[in-house]
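Chain residues, written in single-letter form:
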Amino acid sequence: MRYHTFLIKYGEIGIKGKNRYLFEDALVRQVRFALKDVEGEFEVHKSQARIYVDCGEDYDYEDVIGNLKRVFGIVGICPVVRMEDRGFEQLKKDVVAYMDEAYPDKHLTFKVESRRARKSYPKNSMEINCDLGEAILDAFPETRVDVHHPDVMLNVEIRNEIYVYSQIIPGAGGMPVGTNGKAMLLLSGGIDSPVAGYMISKRGVGIEATYFHAPPYTSERAKQKVVDLARIVSRYAGPIRLHVVNFTDIQLYIYDQCPHDELTIIMRRYMMRIAEYFAKKDGCLGLITGESIGQVASQTMQSLAATNDVCTVPVYRPVIGYDKQEIVNIAEKIGTYETSIQPYEDCCTIFVAKHPVTKPSVEVIRRSEEKLKEKIDELFDRAVDTAEIIEVK
Amino acid sequence: MREVYLDNSATTKAYECVGEIVKKVMCEDYGNPSSMHAKGVAAEQYIKEAKETFAKLMKVKDKEIFFTSGGTESDNLALRGAAAANQRAGKHLITSAIEHPAIINTMRHLEEEGFRVTFLPVDRYGRIRLDALKEALCEDTILVSIMYVNNEVGSVQPIQEAASIVKAYNKNILFHVDAVQGFGKYRIYPKKLKVDLCSVSGHKIHGPKGTGVLYIGENVKIKPIVFGGEQQKNVRSGTENVPGIAGISLAARTIYQDLDVKVAKMRNLKKHFIEGVSRIEDTTVHGLYDETSAPHIISVGFAGIRSEVLLHALEEKGIYVSSGSACASNHPQVSGVLKGIGASQEFLDATLRFSMSEFTMPEEIDYTLDTLYNIVPKLRKYTRH
């Protein structure tokens, strides 16, 4: 069947009172962004608290649905057949033909639900429902009407043209990106951080990212992998500005000055500080990490407290209560898993001690960091000044 | 920044003239060699000329030269084609434990097809043990495949002795040589060596990637492994890669010009490099490093530094090398060859391969040595523990 229009249903944003237009405009923007590379012509417009995507003659249906399913804020996508109004008798024929094509097996229950946007139409909604229902029953005696729990809800909207649809494809849910500010994601090459970015972005938050690389201990391919991950997340979150920080000198300096079992914790404190530096610079309202309680030594409650100690902006950890498998399931669903498991070392593991501290005390760690006083500011400045910025889209 | 390319066993930079001829054939003499018109005839000339080139360089007949998509396909065609064509005579195959994956994995595939394969052990210098070869031969043996030069440690195999042993046992047993790393460094004459099949790759001799040669002795029975338009006497179907064939042919002719001078130069540089690198504490050079080893490959273990880290540290200074063998380097696994030659544990994950070409300059070797003197002690300071 050829669909001429997609009706975009949104949930939560419908209830946001006076700000509603802001949310709708953001959604329209995101829908346009999602369709920009799809073959075909599309016109996205708002009309009476609905968003419509009108399609040109030729377009790729699968691509449209695939891309729209990644737009946060969309609850459902309804493929619509648009019919010219050539009188009610013709409409009956057209609706019967629609049912025939859309549902080859007629053993079903249905309900006709019509809306009259054009009030001048000669029949009211109730009459349209009854008369179209009767036409369908006459044409397909196997069908039955069920007004409470129909298998098929046949929607008929009388506008300048007549819109007919009965299918709702579930969308990604959440809120349109850009309606809830921006946050800075600490993106490693692992499984968890891309998922964390996805989850926060689902609530309408735009994403920037910071990645720490440590040449020669990590390779150009490890960096490329992170760029690839950012690109996958950006299919949901929109364009991502990725800051690539050369972290080697800071790491080696910590290695020189501090106890080795505290290396990872101190290193992570500096990662947070650097990410926060970029966050503040770019107007991000928080940090996002892929930490999950107890997953590794640096993610025990004590370690998280020690890491959190240096942050002055809120740190969002959306997978904090998730088991690894639960995170993997999301990673597979959003398409980051295959990339995440490529075997390139990231900078968190290169100097990891055999027995890192698992219950660090904030006081002890702060004292250890005193030993970095001499050069750390200079190294910090150099790390942020030389960071490479990649606009991922 | 200075660029020093010491990864010539992974691939080489093409000769300028090769780039030019490939472009000319692609854009001007683009005919299909099977076409009947003049464009086709012009294209066919390149193939004819290339066959003559290889026939001359290898002292074989034109009709014994076949063009493939590279070393891997040549090896596949040789092993699978010969095994299939001769399986009535027997189902036993012999190779070595340190072959390139193109041989090892093809042999494993043939095992699944019902053949029995013996993988010969090597000595500590990476050479096959001839006594083991003698023992392995049996009535059922139909094919032996041994590489000319090992790609990871540069050991040169005693091909002539091995082939003599095999032919003395049973002259019908086929002998295949994977000469991908040897061709262009050694003059390889299949008939003198008594070998029946010999693989060559274009991009290891400054030719184009995606090009290869398989020498197939005229009396060797072989079955095709791909099917199609019956080109190349139905041994290797598919429209010939004429630009590539013109390129590999010109590369072969060029590399053979002053070959002895080029090889002597590489030998000197290798000697110089080994002397220099030996001054660094806790290093080892794998395999043999006298005149009996390949002139262009040097495999060095640096205890206490993961090869990947040293590789990237050298890369920061513009020096490009491989860890283990480049073909296997995208798998984070320890080299089978180093294990095969009994390298000690501390070097298994800490070995780099430096491989030269005729373009390698003495200053580049000195620069590489100076860089190593500088970074190896620094990297050793920071270790996991």
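Predicted model only: the values in this text are computed from it and were never measured. (Residues numbered from 1 in each chain as written. Chains lettered and ligands numbered in written order. Predicted model: local features only at pLDDT ≥ 70, side-chain atom pairs only at ≥ 80, totals over all residues.)

## Side note on the overall build of chain B
Line of reasoning, step 1. Across its full length, chain B carries 13 helices and 13 strands.
Line of reasoning, step 2. For 385 residues, the compact-globule formula gives about 21 Å, and the C-alpha radius of gyration of chain B, at 21 Å, lands near that figure.
Line of reasoning, step 3. Here the C-alpha coordinates of chain B stretch approximately 65 × 55 × 35 Å along the principal axes.
Line of reasoning, step 4. Expressed as a percentage of contacts within chain B between residues at least 6 apart in sequence, the contacts between residues at least 24 apart total 74%. (Helix = DSSP H or I, 4+ residues; strand = E, 2+ residues; numbered from the N terminus. Rg over C-alpha atoms; globule rule 2.2 N^0.38 Å. Contact = placed C-beta atoms within 7 Å.)

## A look at the overall build of chain A
Line of reasoning, step 1. The number of helices and strands found in chain A is 13 helices and 15 strands.
Line of reasoning, step 2. Relative to the compact-globule value of 21 Å for 393 residues, chain A shows a C-alpha radius of gyration of 27 Å, a clear excess of over 25%.
Line of reasoning, step 3. Taken over the C-alpha atoms alone, chain A extends approximately 85 × 35 × 35 Å along its principal axes.
Line of reasoning, step 4. Residues classed as buried in chain A amount to 39% of the 393 residues present.
Line of reasoning, step 5. The contacts in chain A between residues at least 6 apart in sequence include a share of 80% that link residues at least 24 apart. (Buried ≥ 20, exposed ≤ 12 C-beta atoms within 10 Å, placed from the backbone.)

## Here's the deal with the domain arrangement of chain A
All names here are of chain A.
Line of reasoning, step 1. With domains assigned, chain A is organised as domain 1 (5-170) and domain 2 (182-392).
Line of reasoning, step 2. Using only C-alpha atoms to locate each centre, domain 1 and domain 2 end up separated by 44 Å.
Line of reasoning, step 3. Counting residues at the interface gives four residues for domain 1, matched by six residues for domain 2.
Line of reasoning, step 4. Its residues assigned to classes, the side of domain 1 that touches domain 2 comprises two nonpolar, one polar and one charged. (Domains from an automatic or database assignment. Nonpolar A, V, L, I, M, F, W, Y, C, P; charged D, E, K, R; others polar.)

## Regarding the pairing of strand 2 (residues 65-68) of chain B
Within a regular strand, side chains alternate between the sheet's two faces.
Residue and element names in this part refer to chain B.
Line of reasoning, step 1. By the alternation rule, side chains of strand 2 split into Ile65 and Phe67 and Phe66 and Thr68, which are all buried.
Line of reasoning, step 2. In this sheet, strand 8 (residues 212-216) lies alongside strand 2 in antiparallel orientation, the contact comprising four bridges. Paired with threonine 68 across the bridge in strand 8 is glycine 212. (Pairing = 2+ DSSP bridges.)

## Focus on the interface of chain B and chain A
Line of reasoning, step 1. On the side of chain A, twelve residues touch chain B, which itself brings ten residues to the contact.
Line of reasoning, step 2. Its residues placed into classes, the side of chain B that touches chain A shows four nonpolar, two polar and four charged.

## Here's the deal with helix 7 (residues 248-257) of chain A
Line of reasoning, step 1. Those residues of helix 7 of chain A lying buried are Thr248, Ile250, Gln251 and Ile254 of chain A.
Line of reasoning, step 2. Of the surrounding secondary structure, the elements contacted by the buried residues of helix 7 of chain A are strand 12 (240-246), helix 8 (263-281) and helix 13 (373-385) of chain A.

## Looking at the pairing of strand 7 (residues 152-158) of chain A
All names here are of chain A.
Line of reasoning, step 1. For strand 5 (residues 109-116) and strand 7, the ladder comprises seven bridges, and the chain directions are parallel. Pairing of arginine 116 across the sheet is with isoleucine 158, part of strand 7.
Line of reasoning, step 2. The antiparallel pairing of strand 7 with strand 8 (residues 162-165) creates a hairpin that spans three residues between the two strands.

## Overview of the sheet that holds strand 3 (residues 92-96) of chain B
All names here are of chain B.
Line of reasoning, step 1. Pairing in this open sheet of seven strands is mixed, and the strands run 2-8-7-6-5-3-4 from one edge to the other. Where the open sheet ends on each side, the last strands, each with one partner, are strand 2 and strand 4 (116-120). Averaged over all neighbouring strand pairs, the angle between strand axes comes to 20 degrees, with direction disregarded.
Line of reasoning, step 2. With five bridges connecting them, strand 5 (residues 141-147) and strand 6 (residues 174-178) associate as parallel partners. Paired with serine 145 across the two strands is histidine 176, which belongs to strand 6. (Axes fitted to C-alpha atoms, helices over the stretch in contact; angles between N-to-C directions.)

## Focus: the sheet that holds strand 9 (residues 283-285) of chain B
All names here are of chain B.
Line of reasoning, step 1. Sheet architecture is open: four strands sit in the order 9-10-13-12, paired in antiparallel fashion. At either margin of the open sheet sits one strand with a lone partner, and together these are strand 9 and strand 12 (322-323).
Line of reasoning, step 2. Across five bridges, the pairing between strand 10 (residues 297-302) and strand 13 (residues 351-355) is antiparallel. Bridge pairing in strand 13 places serine 299 opposite arginine 353.

## Notes on the environment of serine 361 of chain A
Residue and element names in this part refer to chain A.
Line of reasoning, step 1. Along the chain, serine 361 falls in the loop between helix 11 (337-340) and helix 12 (362-370).
Line of reasoning, step 2. Of the residues examined, serine 361 has 12 C-beta atoms within 10 Å and is grouped as exposed.
Line of reasoning, step 3. Taking the C-alpha atoms as reference, serine 361 lies 8.7 Å from alanine 305; in sequence the two are 56 residues apart.

## Side note on unusual backbone geometry
Line of reasoning, step 1. Here the bond from proline 215 of chain A into proline 216 of chain A is cis, since omega is 5 degrees, no more than 30 degrees from zero.
Line of reasoning, step 2. Looking at the element boundaries, proline 216 of chain A is found in the loop between strand 11 (206-213) and helix 6 (220-237).
Line of reasoning, step 3. The backbone phi angle of lysine 59 of chain B is positive, close to 55 degrees, even though this residue is not glycine.
Line of reasoning, step 4. In this model, lysine 194 of chain B sits at a positive phi of 65 degrees, which is unusual for a non-glycine residue.

## Some details on the packing of helix 3 (residues 88-102) of chain A against helix 4 (residues 125-139) of chain A
Residues and elements named next belong to chain A.
Line of reasoning, step 1. Two elements in contact, helix 3 and helix 4, have axes whose closest approach is 9 Å; the angle formed by their N-to-C orientations is 55 degrees. Of the possible angle classes, the one that applies to helix 3 and helix 4 is oblique. The handedness of the crossing between helix 3 and helix 4 is right-handed. Seen from helix 3, the contacting residues are Lys92, Val95, Val96 and Met99; seen from helix 4, they are Leu132, Ala135, Ile136 and Ala139. (Parallel < 35°, antiparallel > 145°, perpendicular 65-115°, else oblique. Left-handed = near helix turned anticlockwise from the far one by under 90°.)

## Quick notes on the packing of helix 10 (residues 307-316) of chain B against helix 13 (residues 362-381) of chain B
Residues and elements named next belong to chain B.
Line of reasoning, step 1. Packing of helix 10 against helix 13 leaves a shortest axis separation of 11 Å and a crossing angle of 135 degrees. If you check the angle between helix 10 and helix 13, you find them oblique. In terms of crossing hand, the pair formed by helix 10 and helix 13 is right-handed. Side by side, helix 10 and helix 13 meet where Val309, Leu310, Ala313 and Leu314 of the first sit next to Thr371, Ile375 and Leu379 of the second.
Line of reasoning, step 2. Of the residues in the contact of helix 10 with helix 13, the class split is six nonpolar, one polar and no charged.

## Considerations on the domain arrangement of chain B
Where the parts come together, the accessible area they lose is often given as the size of the interface.
All names here are of chain B.
Line of reasoning, step 1. Taken domain by domain, chain B comprises domain 1 (4-12 + 259-381) and domain 2 (16-256).
Line of reasoning, step 2. For domain 1 versus domain 2, the separation of C-alpha centres amounts to 27 Å.
Line of reasoning, step 3. On the side of domain 2, 25 residues touch domain 1, which itself brings 26 residues to the contact.
Line of reasoning, step 4. Of all the elements in the fold, those that place two or more residues in the side of domain 1 that touches domain 2 are helix 9 (259-278), strand 10 and helix 11 (336-340).
Line of reasoning, step 5. Residues of the side of domain 1 that touches domain 2, tallied by class, amount to eleven nonpolar, 14 polar and one charged.

## Digging into helix 2 (residues 38-58) of chain B
Residue and element names in this part refer to chain B.
Line of reasoning, step 1. For helix 2, with 21 residues, the first-to-last C-alpha span of 30 Å sits near the 30 Å given by 1.5 Å per residue.
Line of reasoning, step 2. Those residues of helix 2 lying buried are Ala43, Tyr46, Ile47, Ala50, Lys51, Thr53, Phe54, Leu57 and Met58. The buried residues of helix 2 occupy an angular sector of 160 degrees when the element is viewed end-on, so they sit on one face. (Expected span 1.5 Å × (residues − 1). Arc of directions from axis to C-beta.)

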